[in-house]
Amino acid sequence: MNRENKPDYLGHRERLRQRFLLGEGRDMADYELLELLLTIALPRKDVKPLAKQLIAKFGSFANVINAPAEDLLSVKGIKEGTLTVFKIVNVAAQRTSWQNLKSFEGPIISNFDSLVDYCRTSMCFSDVEELRLIYLDSSLRVLGQDIAQKGTINSVAVHPREIVKLVMNNHASSVIMVHNHPSGNVQPSKADIEMTKKIEEALSSIGIRLLDHLIISRNNNFSFAQHLHLHNLG
């Protein structure tokens, strides 16, 4: 293809790349960043209309990247290759956030914002509740994590014995529980408070401390340790 016959979008695409490299995307609208990402999956197509369509449908760059596969594949023009690119970005964001959290050398309580950021990145876009355990050593540094349970849109069944087993298997001295509220309301329900009390008692009986229980949503979070004072739930 000679220069005169090149599609107009190729020049636009190159200008978009240069803008990204100069400012690392900080001055780019959501659809522009998404458009640049789409060029990787669809190198021979003008992807600006598709990028704008995706933002219109899902609302933001983050919502697109975190959307369920079936919802993305329902959009005309999105196939498995594009879906894979989106999910790579999603997993990369989660892994980077987790590795930064795990490599922090101080106690987790002095890195609370990073903890919340990781939990939000990894959990808040789910449309069902899940319970995650973050294991800590005797110096309150992060050891590892598990997804202990997944539930429904408004509840998750938790058995204290299973939590105790997971914590002991990971040789943790203390643990932070985290679960998401897809509704967006992070205020704990009566069931949340009762569950926390039972798990705290079960862990305490074997000398393991429940350091906190966090409830998160896309825009907010609730800390039992800060608001309901763990060890005083009765």
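What you see is a predicted model; the values in this text were computed from it and never measured.

So, how was this worked out
- Just so you know, the residues in each chain are numbered from 1, in the order the chain's sequence is written.
- Given that the model is predicted, a residue must reach a pLDDT of at least 70 before its local features are reported, and side-chain atom pairs must reach 80 or more before they are shown or counted; all residues, however, enter totals for whole chains, interfaces and linings.
- Processing note: side-chain calculations cover all non-hydrogen atoms of the structure and skip hydrogens and water entirely.
- Whether two aromatic rings pair depends on their centres lying within 6.5 Å, for rings of Phe, Tyr and Trp, where Trp uses its six-membered ring; planes under 30 degrees apart make the pair stacked, over 60 edge-to-face, and the rest tilted.
- Exposed residues in this analysis have more than 50% of their type's maximum accessible area, buried residues have under 20%, and partly exposed residues fall in between, with area computed by a 1.4 Å probe over protein chains only.
- Criterion for a charge above a ring: Lys NZ or Arg CZ within 6 Å of the ring centre, and within 35 degrees of the ring normal.
- At least two bridges found by DSSP between two strands is the condition for calling them paired.
- A helix here means a DSSP run of H or I that spans at least four residues, while a strand means a run of E at least two residues long, and both kinds are numbered starting from the N terminus.
- Angular values range over 0 to 180 degrees, each being the angle between N-to-C directions of two axes fitted as lines to C-alpha atoms, with helices fitted over their stretch in contact.
- Whether two residues are in contact is decided by their heavy atoms: any pair within 4.5 Å suffices.
- Looking down the strands as they point away from you, a crossover is right-handed if its path from the first strand over the helix to the second goes clockwise.
- Nonpolar cores are built from buried Ala, Val, Leu, Ile, Met, Phe, Trp, Tyr and Cys residues. Side-chain atoms within 4.5 Å join them into one set.
- The arc in question is the one spanned by the directions pointing from the helix axis to the C-beta atoms.
- Polar contacts, as used here, are pairs of N or O atoms within 3.5 Å; protein pairs need one atom able to donate a hydrogen and one able to accept it. Residues neighboring in sequence count only if both atoms are side-chain atoms.
- Salt bridges are identified by distance alone: a Lys or Arg side-chain nitrogen within 4 Å of an Asp or Glu carboxyl oxygen.

> Could you give an account of the packing of aromatic side chains, with specific residues and numbers?
For any pair of aromatic rings, the description rests on two quantities: the centre-to-centre distance and the angle between the ring planes. Applying the stated criterion across every chain yields a total of 2 aromatic pairs. The interplanar angle of 85° and the centroid separation of 5.6 Å between the aromatic rings of Phe222 and Phe224 together place this pair among those described as edge-to-face. Taking relative accessible area as the criterion, Phe222 reaches 6% and is therefore assigned buried. Note on Phe224: relative accessible area 0%, which makes it buried. The ring of Tyr31 has Lys52 lying over it, and the distance from NZ or CZ to the ring centre is 4.9 Å. The cationic tip of Lys57 hangs over the ring face of Phe58; the distance from NZ or CZ to the ring centre is 5.6 Å.

> Describe in detail the sheet that holds strand 1 (residues 130-136), supporting the description with residues and values.
Read from one edge of the open sheet, 5 strands run 2-1-3-4-5, paired in mixed fashion. The open sheet is flanked by strand 2 (142-150) and strand 5 (221-223), the only strands paired with a single partner. Here the average twist between neighbouring strands, direction ignored, is 20°. Against the sheet, helix 9 (residues 190-204) touches strand 3 (174-180) and strand 4 (209-216), its axis set at about 160° to strand 4.

> A description of the pairing of strand 4 should follow, citing residues and the corresponding values.
Buried residues dominate strand 4, accounting for 7 of its 8 residues. Handedness of the crossover is the feature at issue here: the chain leaves strand 3, passes through helix 9, returns alongside strand 4, and the resulting connection is right-handed. Examined bridge by bridge, strand 4 and strand 5 share 3 bridges and lie antiparallel to one another. Looking across to strand 5, one finds that Ile215 is bridged to Phe222. Count of turn residues in the strand 4/strand 5 antiparallel hairpin: 4 residues.

> Let's hear about the nonpolar core: which residues, and what values?
Formed by 21 residues in total, the largest nonpolar core has its most connected members in Leu133, Ile163, Val167, Val175, Met177, Ile199 and Leu203. For this core, the secondary structure elements donating two or more residues are strand 1, helix 8 (160-169), strand 3, helix 9 and strand 4. It is helix 9 that contributes the most residues to this core, 4 residues altogether. With sequence-adjacent residues up to four places away left out, Ile163 is seen in contact with Leu131, Leu133, Ala148, Val158 and Ile199. Grouped together as the second largest cluster of nonpolar side chains are 20 residues, Leu50, Ile55, Val85 and Phe86 included.

> Outline helix 8, listing residues and values.
Along helix 8, the residues that are buried comprise Ile163, Val164 and Val167. Looking straight down helix 8, one finds that the buried residues subtend no more than 100° of arc, so they occupy a single side. Residues of helix 8 that are exposed and point over 90 degrees away from its buried face: Arg161, Lys165 and Asn169. At its buried positions, helix 8 is contacted by strand 1, strand 2, strand 3 and helix 9. Positive phi shows up at His171, right after helix 8, with a value of about 55°.

> Residues and numbers for the environment of Ser126, please.
Tracing the backbone shows Ser126 in the loop between helix 7 (112-123) and strand 1. Separated by 41 residues in sequence, Ser126 and Val85 place their C-alpha atoms 19 Å apart. With residues near it in sequence (within four places) discarded, Ser126 still touches Asn180 and Pro182. Separated by 2.9 Å, the side chain of Ser126 and the backbone oxygen of Val128 make a polar contact.

> Explain the pattern of salt bridges to me, using residue names and the numbers behind them.
What the rule picks out here adds up to 7 salt bridges. Sharing partners across several salt bridges, the network here consists of Arg19, Asp27 and Glu32.

> Break down unusual backbone geometry for me, citing the residues and quoting the values.
When glycine is set aside, most residues are seen to have a negative phi, and most peptide bonds are trans. The phi dihedral of Leu140 is positive, around 65°, even though this residue is not glycine. Inspection of the secondary structure puts Leu140 in the loop between strand 1 and strand 2. For Leu140, a relative accessible area of 16% puts it in the buried group. For His171, which is not glycine, the phi torsion reads 55° and is therefore positive. Among the secondary structure elements, His171 is positioned in the loop between helix 8 and strand 3. The exposed category is assigned to His171, whose relative accessible area is 68%.

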